[in-house]
Amino acid sequence: MGTATAIVTVVLIFALGKSPDTGAQESGGILYPQDSESREVKSLDGIWNFRVAPRHQPELGFQQAWYSQPLKQTGETDLMPVPSSYNDVTQKKVYRDHIGWAWYDRAFRIPQQWQDRRVFVRFGAANYHSIVYVNGQKVVEHAGGALPFLAELKTGLKYTEENRITVAINNTLTRETLPQGSVVWQTSARFPDGYFTLNYDFDFFNYAGIHRSVFLYTTPKTYIDDIDVTSRVVGTTGYVSYAIRAVEEVINSVRSNPQAVGVTVELHDQEGNVVGNAVGSSGEIAVSNAKLWWPFTMVENDKDAAYLYTLVVTSFDTGSNERDVYRLKVGIRTISWTEKQFLINDKPFYFRGFGRHEDFDIRGKGIDNVMLVKDHNLIKWVGANSYRTSHYPYAEEIMDLTDRLGIVIIDEVPAVSTDGFSAGLLVNHKQQLKELIQRDKNRASVVMWSVSNEPRSDYAESEAYFKDVIEWTRSLDNTRPVTCVVAVDFSRDTTAQFVDILAINRYFSWYSDTGHTEVIQESITLDVENWVRTHKKPIIVAEYGADTIAGFHQSPDFVFTEEYQTNFMKEHFKAFDYLRANSSLIGEHIWNFADFMTAQGITRILGNRKGIFTRERQPKSSAHLLRYRFHLLAAESDNYPIPQDLIENIPVYKTDKVVHDEH
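A quick note: this is a predicted structure, and the numbers were derived from the prediction, not measured.

With respect to the overall build of the protein chain
No. 1: Helix and strand counts for the protein chain come out as 10 helices and 36 strands.
No. 2: Principal-axis analysis of the C-alpha atoms gives the protein chain an extent of 75 × 75 × 50 Å.
No. 3: Expressed as a percentage of its 663 residues, the buried residues of the protein chain come to 60%.
No. 4: Taking the intrachain contacts of the protein chain between residues at least 6 apart in sequence as the baseline, contacts between residues at least 24 apart amount to 72%.
No. 5: Roughly 26,300 Å² of accessible area belongs to the protein chain as shown, and the carbon and sulfur atoms make up 49% of that amount.
No. 6: A gap of 2 Å separates the mean positions of the 68 positive and 84 negative side-chain charges of the protein chain.

Shown next, in the form of structure tokens:
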């Protein structure tokens, strides 16, 4: 039996070493910026200046040092919102299809009182390879399109006049990036100068730009750099263990007094009452009659789901009398798994939900609070309790919502259709896993790590590669299970022997036996039973789906019609119900939550249409069908009240069940 427990431990570590000549220092931690008694945050979101490098002169911006002057002085620029993808904001096809370097800049001012503080710049994410300059000085460089990065700005800031931040971003993918890709520049006489074709093995649009918020923030000279949190439960008592990393200012690489920095920790409930405290670099707080973090629909009253405490961490430097305060939301919950079950707080949990994408009309992958709230309202309306961050880590603002709402997350790195298995790819794969776990390790909603989606796991070289990747993941976090979502047959896969939870993508009656829904039930049942019999582990069907054009109807059903999608789903439900009762199926995630954009192609009509919602978040017939199923499953497994409007449309239902008026 695998177990995962949460404990709060604080470890005080001093980071020594001289800052590099760039004036930038990458931090060990990646805590989300917040205002506090000791910290101040300034957003750099807004409208920036923007231009792309010419196709035939991709390095022109570096050759002419565009970062050393206002971008407007280098040539024609456009206005570009940050955060957003730049591809769909203008009417320029060259922006939509651009591959290579794109440049942003904007001016900003900072308060004079910041002179006595440490100042950091932090990007939530930018796709893919980013170089950041402040006042013409390079401060940080980062590879990877879906995780945050930061740098401390030690020199060169102006406190009485404008500063300028410039960002160069390159969205070119290679065989060693995550995800992988390649660009083929065509030299035939029939092609215009600079013409290229793209080879991507993933089925979503490679949006580019500064996708998430950009912040400047301050800390004291000695500050809280990182926090580790876990929890466990014994009877009615919850235990929170914490580990705190504090960074002391180092002068000439000499630490003045290592005993001069202390840490205190308080745990507050939602009413602000202190329910526990501790002093020192490590510890554990006991909470009597703890309110546990429960997933949505696992408790009858939504107000009792997703309970979050606040961990208030204070570091104090007796030499300078400086204090730093950081607050972290903490959920007390346990996760465990057996050969047949996945459990949260020792109660069986069945994954009901979706694969998704960060994909919105015009905004691309740009974070948008309106869309985030709308999406999660729809997720709850359907009765889903979980989703996978297919196929890359989602924004921290999204993860805040899942913690707050009780939506369970399978957290995935951008390893899609992984192939080649080179040493360079392995280095990048492990680095992105490290960054993901560093960012999301404390989240109650995150219950599993996914190391790849549909890798070429039938290749011989994949075995040693994924053994290394999965062992690396467990070395970073042994409190959560690890999965790898595969598409190959059980008899040819090399990865399942290493994972804790099996996960498969299957498209019977769509990519095979197209139009023949009569094959689905037996095909899914036999397939799942083969995996379980071979590996004796719990299994999730992580993807199944059929493209559907909203408003297309035909009887008898026909592919791409709403009738076909609903009948397709009903046949899967029959198989799932049999497997829930007779096997170790622990979840069903339909592909996809909503339609999303892809590269142009003759098999894609303005993107992938497998969503149960349109890209504009309007329901297809399938959304209503899935809502029936998910709410009935929640009522069956957890006695969760069925919404009144559903009861009125269900022919046979026990009317003594408590109901919810709306969701």
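Brief notes about helix α6 (residues 462–476)
No. 1: Over its 15 residues, α6 runs 21 Å from end to end, which matches the ideal 21 Å to within 8%, given 1.5 Å per residue.
No. 2: Among the residues of α6, those classed as buried are Ser462, Tyr465, Phe466, Val469, Ile470 and Thr473. Burial along α6 is one-sided: seen end-on, the buried residues are contained in an arc of 120°. For α6, the exposed residues lying more than 90 degrees away from the buried face are Ala464 and Ser475.

With respect to the UniProt feature "domain: Glycoside hydrolase family 2 catalytic" (unreviewed entry) in the protein chain
No. 1: The sites that carry the UniProt feature "domain: Glycoside hydrolase family 2 catalytic" (unreviewed entry) are, in the present numbering, residues 338–632.
No. 2: Across residues 338–632 one finds 36% helix and 16% strand; the C-alpha atoms that close the span lie 25 Å apart.

Concerning unusual backbone geometry
No. 1: Cis geometry marks the peptide bond from Val82 to Pro83; its omega dihedral reads 5°.
No. 2: Assignment of secondary structure puts Pro83 in the loop between β5 (78–82) and α2 (93–96).
No. 3: Note the cis peptide between Leu178 and Pro179, where omega equals 0°.
No. 4: You can see Pro179 is positioned in the loop between β12 (163–170) and β13 (181–185).
No. 5: Of note in the backbone geometry, Thr297 takes a positive phi value of approximately 80° without being a glycine.
No. 6: On the secondary structure map, Thr297 appears in the loop between β21 (282–287) and β22 (309–317).
No. 7: The class of Thr297 is buried, set by a relative accessible area of 0%.

Calculation notes
- Residues numbered from 1 in each chain as written.
- Predicted model: local features only at pLDDT ≥ 70, side-chain atom pairs only at ≥ 80, totals over all residues.
- Heavy atoms only, no water.
- Helix = DSSP H or I, 4+ residues; strand = E, 2+ residues; numbered from the N terminus.
- Buried < 20%, exposed > 50% of the residue type's maximum accessible area, 1.4 Å probe, protein only.
- Contact = heavy atoms within 4.5 Å.
- Areas by Shrake-Rupley, 256 points an atom, 1.4 Å probe, with all protein chains shown as cover.
- Lys, Arg positive; Asp, Glu negative; His and termini not counted.
- Charge placed at Lys NZ, Arg CZ, Asp CG, Glu CD.
- Expected span 1.5 Å × (residues − 1).
- Arc of directions from axis to C-beta.
- UniProt positions renumbered as here; feature names shortened; annotations may be inferred.

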